[in-house]
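# Residue-level structure breakdown
Chain residues, written in single-letter form:
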Amino acid sequence: MSAPETNTALNFIEEIIEEDLKTGKYNGRVHTRFPPEPNGYLHIGHAKSICLNFGLSQKYNGLTNLRYDDTNPATEDVEYVDSIRDDIKWLGFSWDDRECYASDYFEALYHKATELIKMGKAYVDHSTSEEMAAQKGTPTIPGTPSPYRTRSVEENLNLFERMRNGEFNEGACTLRLKIDLASPNMHMRDPVVYRIKKTPHHRTGTKWSIYPMYDFAHGISDSIEGITHSICTLEFEVHRPLYDWILIELGMYRPQQIEFARLNLTYTIMSKRNLKMLVNEGFVNGWDDPRMPTISGLRRRGYTPESIREFAKRVGVARRENMIDVGLLEFCVREHMNLIAQRVMAVLDPLKVVITNYPETQTEELETENNPENAEAGVRCVPFTRELYIEREDFMEDPPKKYFRLFPSGEVRLKSAYIIRCNEVVKDAQGNIVQLNCTYYPNSKSGEDTSGLKVKGTLHWVSAQHAINAEVRLYDRLFTVPNVGDIEGDIRDYINPDSLITIANAKLEPSLCNAATGLRYQFIRKGYFCLDKDATPEKLIFNQTVGLKDSWAKLQTKEG
RNA sequence: UGGCCCGUUGUGUAAUGGUAGCACUACAGAUUUUGGUUCUGUCUGUCUUGGUUCGAAUCCAGGCGGGCCAACCA
């Protein structure tokens, strides 16, 4: 917060902006926009773009518009409009009253199109898309003119109006710009700018039967809104000459389009098409499934807006293709959670421990800290009794070297409680360990330990009698390979079958009966968790946001 | 194979002709009533070949590698 921003290096977009500020190119204004198409949920890649666009206007005392790029009614829906709005707000950004829609400009766009027709720069074409493709040529072979390219202005005007009036069927004709059929840039070879669609639009209903294409709508919308820096991803770079051409021909105010490299994350996907597939084919439970890289999924998983903004800051902005290790995202959320999460004890895979020398009817309320990183978080009490649960993996009959946990004749401390010694392992007929009989050292109580005993390990635990049951959902990466984009076959074959592990009956300390959505918990020694939105007072459900770093597990896999 | 863009440790990102730095990761150690946190330290890099220059990651040229572009999608 206090670090002087002035010392930090600028990214290439900030350099451009500062140069523009210096030269007065836009009279000192900085006005960006975030232009989602409402045809899917926002994901972490969009979060990068949102943080970039809104971050820039914050830094340079400018404005950012939210603008829905809703030019294709066939794929768009209000469900997406609403989710996008919620997600950006949740991320912590505000566009005030500047919630814009390309559809707000349909009338203006239509007039601009007629202007181009009058200038002889646009024509109505009856070629089919196949014919158009054939006319287009290839990057090495120039295109050939459509037979309709030389129509008169009057005829074009008349035809275009009839397109608007719905007199033609979908696909019957389009409006094309007349630019350069020999251009090495395929987007300049007479691009289609209007097509006929009879699908009702989520905002304009059935008023229009023609809709502008992206290239036509986007630049003009930017221009109308007075955008200064129109930031988009790299694949739009080849569109920039067309963006400029349209605004120059129309004599309109012209923002600067700037392209940056989109975010890629290991072990997941970012394409809306494939995310939609995961939802529609039931590989996940909706767009906000905690395994999804969507903002709503991350939110449900327990990620905080702060951690996502920090992530966006750390990945940087540049023009080269990148593949960010999902570990960086996890680092960012752990960093934030470590500061804010309430510590609690939860046993995910319970093993019963009986303290044989502890009075049967006794209960002690033991004080324990809520967050060692934050003294102001205070303390709470947890009940200690003769019968407890510990984590099954915290006991081994035949432990390897450097195992600090419990084993026969071994001693460990129970967190905020006593040091215990394991005396007997109780097994069932199949040889499964079902119970540990231990004794405790009454003078080893946390905070008033006079035993002089030294133990290597500290375990979390819950009182069996007081424990509350909960379902706990553990998540792992969605795909089994780091670069899903490199998969040559069907990505469905690389979906991680263990991306969700449900623990039906975890044992939680009783304070968790007050758990609320939005609160973050650290299940000590396990990870960070939050209450799932499906939880009820009768059935608690917790999502694992991310595990704690586990250097013991790492050691094991390395030696195993 | 036409055009455009991009190549800096494992991954990102700085250095804007003048000591290749930072973060994450990895590894080693210290601290720790969370094998967490924190702290300290270590490793690995300018795609390549030439050129310009006192001096090149940076400028120029050729190569190599990667990406994008021929939807009535955005």
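Residues numbered from 1 in each chain as written. Chains lettered and ligands numbered in written order. Predicted model: local features only at pLDDT ≥ 70, side-chain atom pairs only at ≥ 80, totals over all residues. Heavy atoms only, no water.

Regarding its fold elements, chain A presents 13 helices and 25 strands. Taken over the C-alpha trace, chain A has a radius of gyration of 31 Å; the compact-globule value for 560 residues is 24 Å, which it surpasses by more than 25%. Seen along its three principal axes, the alpha-carbon backbone of chain A occupies a region of about 100 × 55 × 45 Å. Taking all 560 residues of chain A together, 52% fall into the buried category. Sequence separation of at least 24 residues holds for 71% of the intrachain contacts in chain A that already meet a minimum separation of 6. As displayed, chain A has an accessible area near 25700 Å², and 49% of this comes from carbon and sulfur atoms. Positive and negative side-chain charges of chain A, numbering 69 and 80 respectively, have mean locations separated by a distance of 2 Å. (Helix = DSSP H or I, 4+ residues; strand = E, 2+ residues; numbered from the N terminus. Rg over C-alpha atoms; globule rule 2.2 N^0.38 Å. Buried < 20%, exposed > 50% of the residue type's maximum accessible area, 1.4 Å probe, protein only. Contact = heavy atoms within 4.5 Å. Areas by Shrake-Rupley, 256 points an atom, 1.4 Å probe, with all protein chains shown as cover. Lys, Arg positive; Asp, Glu negative; His and termini not counted. Charge placed at Lys NZ, Arg CZ, Asp CG, Glu CD.)

Turning our eyes to something else, we now look at the protein's contact with RNA strand B. Taken together, the neighbourhood of RNA strand B is formed by 70 residues, with Glu15, Arg314, Ser446, Gln522 and Lys554 sitting nearest. Expressed as a percentage, the sugar and phosphate content of the atoms of RNA strand B within 4 Å of the protein is 63%. Between RNA strand B and phenylalanine 404, the relevant distance is 2.8 Å, taken from a base oxygen to a main-chain nitrogen or oxygen of the residue. Within the side chain of serine 551, a nitrogen or oxygen atom sits 3.0 Å from a phosphate oxygen of RNA strand B. When residues of the surface near RNA strand B are assigned to their parent elements, the largest contribution, 4 residues, is made by helix H13 (residues 551-559). Class assignment for the residues of the surface near RNA strand B results in 24 nonpolar, 21 polar and 25 charged. (Near = heavy atom within 4 Å. Polar contact = N/O pair within 3.5 Å; in protein donor to acceptor, adjacent residues only side chain to side chain. Nonpolar A, V, L, I, M, F, W, Y, C, P; charged D, E, K, R; others polar.)

To summarise the sheet geometry, strands pair through backbone hydrogen bonds and adopt either a parallel or an antiparallel arrangement. The 3 strands lie next to each other as E1-E2-E3, forming an open sheet whose pairing is parallel. Pairing within the sheet leaves two strands with one partner each, and these edge strands are strand E1 (31-34) and strand E3 (99-101). Averaged over all pairs of adjacent strands, the angle between their axes in this sheet comes to 35 degrees, without regard to strand direction. Pairing of strand E2 (residues 63-68) with E3, which is carried by 3 bridges, proceeds in the parallel orientation. Looking at the pairing, arginine 67 lines up with cysteine 100 of E3. Seen against the sheet, helix H3 (residues 78-91) touches E1, E2 and E3 and runs at an angle of roughly 160 degrees to E2. (Pairing = 2+ DSSP bridges. Axes fitted to C-alpha atoms, helices over the stretch in contact; angles between N-to-C directions.)

Attention now goes to the sheet that holds strand E20 (residues 461-463). Pairing is mixed across the open sheet formed by 7 strands, whose spatial order is E19-E16-E17-E18-E12-E15-E20. Of all strands in the sheet, those with a lone pairing partner are strand E19 (458-459) and E20, marking the two edges. Pairing analysis gives 7 bridges linking strand E17 (residues 419-427) to strand E18 (residues 433-440), with the strands arranged antiparallel. From the neighbouring strand, valine 426 faces E18, where its bridge partner is glutamine 435.

Of all the 5 residues making up strand E24 (residues 527-531), 5 are buried; the element is thus mostly covered by neighbouring parts of the structure. Direction of pairing for strand E23 (residues 520-523) relative to E24: antiparallel, over a ladder of 4 bridges. Along E24, the bridge assignment pairs tyrosine 521 with phenylalanine 529. Connecting the antiparallel pair E23 and E24 is a turn made up of 3 residues, with arginine 525 showing a positive phi of about 70 degrees. In terms of strand pairing, E24 meets strand E25 (residues 541-547) through 5 bridges, oriented antiparallel. Bridge assignment links leucine 531 to a residue of E25, and that residue is phenylalanine 542.

Together, Lys402, Lys549, Lys554 and Lys558 line one region of the surface with positive charge. Structurally, lysine 554 can be placed in helix H13. Overall, the relative accessible area of 54% leaves lysine 554 in the exposed class. (Patch = residues over 30% accessible without salt bridge, like charges linked within 9 Å, V, L, I, M, F, W, Y side chains within 5 Å. Salt bridge = Lys/Arg side-chain N within 4 Å of Asp/Glu carboxyl O.)

By the definition in use, this model includes 48 salt bridges. Taking the shortest distance from any N to any O, the salt bridge between glutamate 249 and lysine 121 comes out at 3.6 Å. Here glutamate 249 is found in helix H8 (residues 240-250), whereas its partner lysine 121 is found in the loop between helix H4 (106-118) and strand E4 (122-125), with 128 residues between them in sequence. Judged by its relative accessible area of 26%, lysine 121 falls in the partly exposed class. Put simply, Asp288, Arg300, Glu471, Arg473, Asp532, Lys533, Asp534 and Lys539 are held in one network by salt bridges that share partners.

With 14 residues, H3 should reach 20 Å at 1.5 Å per residue; the first-to-last C-alpha distance of 20 Å fits that figure. Of all the residues in H3, the buried ones are Tyr80, Val81, Ser83, Ile84, Arg85, Asp87, Ile88 and Leu91. (Expected span 1.5 Å × (residues − 1).)

None of the figures reported here should be taken as evidence of function without further support.
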